[in-house]
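Read off the chains here:
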Amino acid sequence: MRKWEELPKEMQNEQVRPYYDYLAQQKMTLAIKFLLDKIFAAILLLILSPIFFAVAIWIKMDSPGEIFFRQERVTRYGEKFRIYKFRTMVKNAENIGSQVTTNADMRVTKVGKKIRACRLDEIPQLLNILKGEMSFVGTRPEVPRYVQHYTAEMYATLLLPAGVTSEASIEYKDEERLLSEAENADEVYINKVLPEKMRWNYSGISKQGVMEDMKIMLRTVGAVV
C-alpha cells in the first residue's frame with residue numbers, strides 16, 4: 001500500500017483513516033490475494049476461451065459495433081482505467097442515455113439481453129484482473145462522474161482495487177429493475193442506490209481474506225444461476 005501522505009488529497013481524511021490503518025496490517029493477505037487473482041484469472045481465461053470467442057461472434061453477428069464495450073472507470077487510489085465488457089448495447093450507447101442501465105433500457109440489443117441475464121458480459125474483466133486494475137472481489141468500479149459525488153468515507157473503497165463482484169453486487173443484482181421505475185436514473189443512483197451499496201462495501205473492506213473472497217464468489221455464482 002501507498003504511504004498515507006502519498007494518497008490523493010481527497011482520500012486523506014478522518015473517515016478513511018481507520019480503513020487505511022486496518023489494511024496496512026493486512027499486507028501479506030493483500031499480496032496473496034493479488035497473486036491468486038492473477039493466477040485464477042489466467043486459468044479461467046484459458047478454460048472459458050471457447051465461450052469467450054463464441055460470445056464475441058454472437059455479438060458481431062447481432063448488431064453493428066465493436067465486440068467489447070470499454071468505459072472509463074475508477075479503481076485503486078482514484079486511478080482511471082478502461083473496463084472490459086462484452087458489448088450488450090447499441091453502438092455509442094453511453095452518449096445517448098444514462099450512465100447506468102435500467103431494466104427496460106431500449107439501448108440493450110437482443111443478444112445483449114441474453115448475455116446480461118447470465119452475466120456473461122463480465123467475463124472480459126478477467127483481462128482487467130491480469131493487468132492489475134481489478135480484483136475478483138472488491139467494490140464495483142464507478143464512472144468518474146459518480147466518484148465526484150463521493151462522501152469522505154466513500155473514498156475508503158478506493159484503498160483497494162475495484163472488483164468484479166462484491167456483497168453489494170449480490171444484494172443489488174436487480175439494480176436495473178429498481179432504476180427502471182425512476183424518472184431520473186442518474187439522480188436516484190447517486191442519492192439512494194450508491195449510498196446503500198457503500199454500506200456493504202465498507203463492511204467488505206474489513207473482511208479481507210482468501211476464504212471470504214471464495215464465499216462471495218460462490219454466492220455470486222448462486223445469485224446468477
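Residues numbered from 1 in each chain as written. Predicted model: local features only at pLDDT ≥ 70, side-chain atom pairs only at ≥ 80, totals over all residues. Heavy atoms only, no water.

Turning our attention to the packing of aromatic side chains. Counted under the stated rule, the structure contains nine aromatic pairs. Note on F68 and F86: the rings are 5.7 Å apart at their centroids and 10° apart in plane angle, and the pair reads as stacked. Highlighted residues: F68 in strand β1 (residues 68-74) and F86 in strand β2 (residues 80-86), separated in sequence by 18 residues. Residue classification places F68 among the partly exposed positions, given a relative accessible area of 29%. Take F86: its relative accessible area is 1%, and that puts it in the buried class. For the ring pair Y150 and Y155, a centre distance of 5.6 Å and an interplane angle of 70° mean the geometry is edge-to-face. Considered together, Y150 and Y155 belong to a single accessibility category, that of buried residues. Taken together, F52, F53, F68, Y84 and F86 form an aromatic cluster joined through their ring pairs. (Phe/Tyr/Trp six-rings, centres within 6.5 Å; stacked < 30°, edge-to-face > 60°. Helix = DSSP H or I, 4+ residues; strand = E, 2+ residues; numbered from the N terminus. Buried < 20%, exposed > 50% of the residue type's maximum accessible area, 1.4 Å probe, protein only.)

As a further point, take the side chain of Q71. Looking at the secondary structure, you find Q71 in strand β1. Here the side chain of Q71 touches R73 through a polar contact of 2.7 Å, side chain to side chain. (Polar contact = N/O pair within 3.5 Å; in protein donor to acceptor, adjacent residues only side chain to side chain.)

This part is about a nonpolar patch on the surface. On the surface, L35, I39, F40, I43, L44 and I47 cluster together to form a nonpolar patch covering roughly 530 Å² of accessible area. Structurally, I39 can be placed in helix α2 (residues 27-47). (Patch = residues over 30% accessible without salt bridge, like charges linked within 9 Å, V, L, I, M, F, W, Y side chains within 5 Å. Areas by Shrake-Rupley, 256 points an atom, 1.4 Å probe, with all protein chains shown as cover. Salt bridge = Lys/Arg side-chain N within 4 Å of Asp/Glu carboxyl O.)

Another aspect to go through is the pairing of β1. Sheet topology places β1 next to β2; seven bridges connect them, and they run antiparallel. Each residue of the ladder has a partner; that of F68, found in β2, is F86. If you look at the hairpin formed by β1 and β2, you'll find five residues sitting between the two strands, and Y77 has a positive phi there, around 65°. (Pairing = 2+ DSSP bridges.)

So, about the pattern of salt bridges. Applying the stated criterion to the full structure yields nine salt bridges. One salt bridge in this structure joins E122 and K85, with 3.8 Å as the shortest N-O distance. Here K85 lies in strand β2 and E122 lies in the loop between α4 (110-117) and α5 (125-130), a separation of 37 residues in the sequence. A salt bridge links E167 to K207; the nearest nitrogen and oxygen atoms lie 3.7 Å apart. Here E167 is found in helix α7 (residues 167-171), whereas its partner K207 is found in the loop between α9 (185-205) and α10 (210-224), with 40 residues between them in sequence. A relative accessible area of 10% means that E167 is categorised as buried.

For the pair α2 and helix α3 (residues 49-62), the least separation of the axes is 4 Å and the interaxial angle reads 60°. Considering their axes alone, α2 and α3 lie oblique with respect to each other. For the pair α2 and α3, the contacting residues are L45, L46 and I47 in the first and S49, P50 and F52 in the second. (Axes fitted to C-alpha atoms, helices over the stretch in contact; angles between N-to-C directions. Parallel < 35°, antiparallel > 145°, perpendicular 65-115°, else oblique. Contact = heavy atoms within 4.5 Å.)

Three or more residues of helix α1 (residues 17-24) are buried, namely Y19, Y20 and L23. Projection of α1 onto a plane perpendicular to its axis shows the buried side chains occupying an angular sector of 100°, all on one side. (Arc of directions from axis to C-beta.)

The subject of this paragraph is empty space enclosed by the protein. For the structure shown, the criterion picks out four cavities of 30 Å³ or more. Space inside the largest cavity adds up to approximately 200 Å³. Around the largest cavity, the lining is made up of 19 residues, and of these V137, G138, G204, I205 and Q208 lie nearest the centre. Taken together, the elements giving at least two residues each to the lining of the largest cavity come down to α7, α9 and α10. Broken down by element, the residue count for the lining of the largest cavity peaks at four residues, all from α9. Split into classes, the residues belonging to the lining of the largest cavity amount to seven nonpolar, seven polar and five charged. In this structure, the second largest cavity occupies an estimated 60 Å³ of space. Contributing to the lining of the second largest cavity are 13 residues, with V74, T139, R140, P141 and L158 lying nearest its centre. (1 Å grid on protein atoms, 1.4 Å probe; cavity = no way out; pocket = protein on both sides within 12 Å on 5 of 7 lines; lining within 4 Å. Points joined across faces, edges and corners; volume = space filled by probe spheres on them. Nonpolar A, V, L, I, M, F, W, Y, C, P; charged D, E, K, R; others polar.)

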